Each structure stands twice: as C-alpha cells, then as structure tokens.
Amino acid sequence: MSLSLASTIRLNDGRALPRLGLGVYLSKGAEGITAICTALEAGYRHIDSAAFYDNEKEVGEAVHKWGGERDSVWLTSKIWDSDHGYERCSKAVDRSLKKLGLPSWDLMLLHSPNPGKAARLEAWRALIDAKKAGKVRSIGVSNYGVHHIQELLEAFPQDPPAVNQIELSPFFQRASIVAECAKHDIVVESYSPLGKGAFVDLPELQDIAKKYGKTPSHILIRYVLQKDIVVLPKSVNPDRIKANADVYGFELDAEDMKTLDGFETGSGITWDRQFHACLLALALPDACCYSQLRRRLEPQTLDCISSYSAHIKPRLSRP
Ligand SMILES: NC(=O)c1ccc[n+]([C@@H]2O[C@H](COP(=O)([O-])OP(=O)(O)OC[C@H]3O[C@@H](n4cnc5c(N)ncnc54)[C@H](OP(=O)(O)O)[C@@H]3O)[C@@H](O)[C@H]2O)c1
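Attention here is on the structure that accompanies the text. Note that the structure is predicted; figures quoted are calculated from it, not measured.

Near the ligand you find 27 residues, and of these Gly23, Tyr25, Tyr191, Gly197 and Lys234 are the closest. Sort the elements by how many residues they give to the shell around the ligand and helix α9 (residues 238-244) lands first, with three residues. Residues that form the shell around the ligand fall into these classes: ten nonpolar, 13 polar and four charged.

Put into structure tokens, the structure is as follows:
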C-alpha cells in the first residue's frame, strides 16, 4: 500500500479527505495554536476539532498564523449533544463558524447519537441545510453504531453521512461498524488511535516496533492507515506531532497486521469514565490510591484494562 502524508481518501460526496489528521482534543490557547501550526508546517493537512473541545477559535487563528492556502487544509468540527434538534443545530453551526473566523468548515459531524432518535434526525436535517448553504462542505457523524447508521440512511437516503468517526485501534477494532460503513461507502475515521498513549509499553507491540526501527505509536498509526481508515492522533508536543507523521517509509507485513489484530479487547476507553479514573490514578504514585481505585472499578473494567497491558495489571494488583 503506497501512502504519503499527502494521501487522501475519496468521500461519497466526491471530496478528498487527507488520511492523517491532527486531533486537538485538550489542545487549547497558545499551546493549541502552536500544536496546529507545528502540524501544518510538518505537512499535516487535516485538523480535527469540535465545539466540545472549545478550541475552534484556535483552529482559525492557527490557520491564519500559518499563512498557507485555506483550501489546502481540511478543517473538521462537531456539533455537541446539547445542540441536537433542527434550530439548535443550525445555530450551533453559525456559532462554530463565527469562532473559526472563516466562511466554512470542511466537515461537520454530529459528535454522538446520544440525544435520541428524534433530536439527532432533526440535527442531521439541519446539517443537510447547512451544507446546501455552503457553511459546511461535507457532513458526517461520530460514535454511530450500526443501527444509528441504518436509521439515518432510512430517513435520509439521498443524504448519507460522508464519514463516521469512531474510537478505533488494534485494541478496539469495531468490525461490525467498519463493515456497515463500507457497505454504504462511508469513510471511517479513527479517534484515540494511540489508546491515549497508555499502552505503548505492551511487550508484543514493542517487539513489532523494534523490528521496523519505529516506535509503538508509529505502529498503531500505520496499522490504521493500512486498514484504509483515516487516523487522527493527538499531541501538543512538537516533537511527537512531527514523529507521528513519520509513518510512510515502511509497511507492516501481513503477519504483523495479524498480530496486531490479535490485540482486540472488545472494549473502548474514550467514553469510559471508569477507565479515565484509572489513568488518573495510575499517574499518582500512591499505593493507597490503587486500592481505592480497585474498589471503585467494576470487575469487567478491570479485566478490560488488564488485557490492554501487562504493565498496568501488576500496578492495579498492589495492596
Ligand atoms: N469523536 C469523538 O468522540 C472523539 C473522542 C476522542 C477523541 N477524538 C479525536 O481524536 C483525537 C485523538 O484521540 P485522543 O486524543 O483521544 O487520543 P490519542 O491520539 O490516542 O492519544 C493522545 C495521547 O497520546 C499522547 N501521545 C501522542 N503522541 C504520542 C507519542 N508519539 N508517544 C507517546 N504518547 C503520545 C498525547 O500526549 P501529548 O499531547 O503530550 O503528546 C496524548 O496524551 C482527539 O484529539 C480528537 O480530535 C474524537
């Protein structure tokens, strides 16, 4: 598979979406602007923001500061759950554009299906109209399961989503959603492709990284690209931003792709409050904290976390 940082994927509305983008969740203020400028200077041409991240203004400012052609970069935002329904969603698009300070977004997503069927279908109708009005150039969804996609296609057969952005990594491969998207020519975007950076010390992953002279993060990003899926690693660290784009001089062979497929756990981390509590606790070198944490976590979540990394398990087992 021949890929480069300039590679794009064709959407069902005919537009070309860059296959690698910078995620900007938690990238705010001057740090966020520097991160986006660093990425654009390094050759990234795709930035993934959201109203929920409260950094749409920073995206517009960074593009301006960078000074390149507006149309050479792909800018995505998302409508938060509290703005579902037709009127609220229409207003949210306008608000978001005002913050961006540019005439249009390249892609606007419904951030999640959580507000319920009636509200999300009305929000989708608002996005169709925003697209007709030229405020957004492509429209899509995020965190949609198979039945949400089917429901949307049934209600709006002429206006399918171009994209479904979901958590996806070797640890959580989402096979049924990926297959449903492929069936309807909907491009899948992977968020949290690095598992939020928590699992880079998994020994099998380290072994594959050593084989290619790469880091575990490179392997995780490359895995997604080789699945023909758009990938959105996040970093605010200039060195890591540049390093995360260095995934084109090698190709994972079939055997290593199979090993990575074997990392599937069946569970995600990003919308999982238990897992966030765990990561927070792991950051604190206090044994008492681990025992408190073990009491708070459900056994199922502990199993899931343990299966991610042999490194995390012993730490959770401390008294
Ligand atoms: N639609 C949704 O519901 C949704 C949900 C979550 C995320 N997203 C999107 O997807 C993007 C990425 O997902 P994410 O932010 O959840 O997680 P991620 O990209 O899997 O991981 C980001 C974490 O990994 C660290 N990191 C980055 N590069 C690294 C490297 N080379 N080595 C070690 N650590 C590294 C980052 O720290 P530093 O910043 O310090 O480098 C950060 O803590 C988000 O920013 C957002 O745009 C969408």
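Having seen the model, we can carry on.
Okay, the nonpolar core next. Nonpolar side chains tend to gather and get buried jointly when the protein is soluble and globular. Counting residues in hydrophobic clusters, the biggest one holds 78 residues, and the most contacted among them are Ile36, Met108 and Leu127. In this view, Ile36 contacts Leu22, Val24, Ile47, Glu58, Val59 and Ala62; residues no more than four positions away in its chain are not counted.

With that settled, the discussion passes to the environment of Ser72. With respect to the secondary-structure elements, Ser72 resides in the loop between α2 (56-66) and β5 (74-79). Looking at Ser72, the number of C-beta atoms within 10 Å reads 10, which means it is exposed. Sequence separation of Ser72 and His46 is 26 residues, and the distance between their C-alpha atoms is 9.1 Å.

Quick look at unusual backbone geometry now. Positive phi, close to 55 degrees, is recorded for Asp54, a residue that is not glycine. Examined against the element boundaries, Asp54 turns out to sit in the loop between β4 (46-48) and α2. Even without being glycine, Asp185 reaches a positive phi, approximately 60 degrees. Along the chain, Asp185 falls in the loop between α6 (175-183) and β9 (187-191). With 12 C-beta atoms counted inside 10 Å, the residue Asp185 sits in the exposed group.

Calculation criteria
Residues numbered from 1 in each chain as written. Predicted model: local features only at pLDDT ≥ 70, side-chain atom pairs only at ≥ 80, totals over all residues. Near = placed C-beta within 6 Å. Helix = DSSP H or I, 4+ residues; strand = E, 2+ residues; numbered from the N terminus. Nonpolar A, V, L, I, M, F, W, Y, C, P; charged D, E, K, R; others polar. Core = buried A, V, L, I, M, F, W, Y, C linked by C-beta atoms within 7 Å. Buried ≥ 20, exposed ≤ 12 C-beta atoms within 10 Å, placed from the backbone. Contact = placed C-beta atoms within 7 Å.

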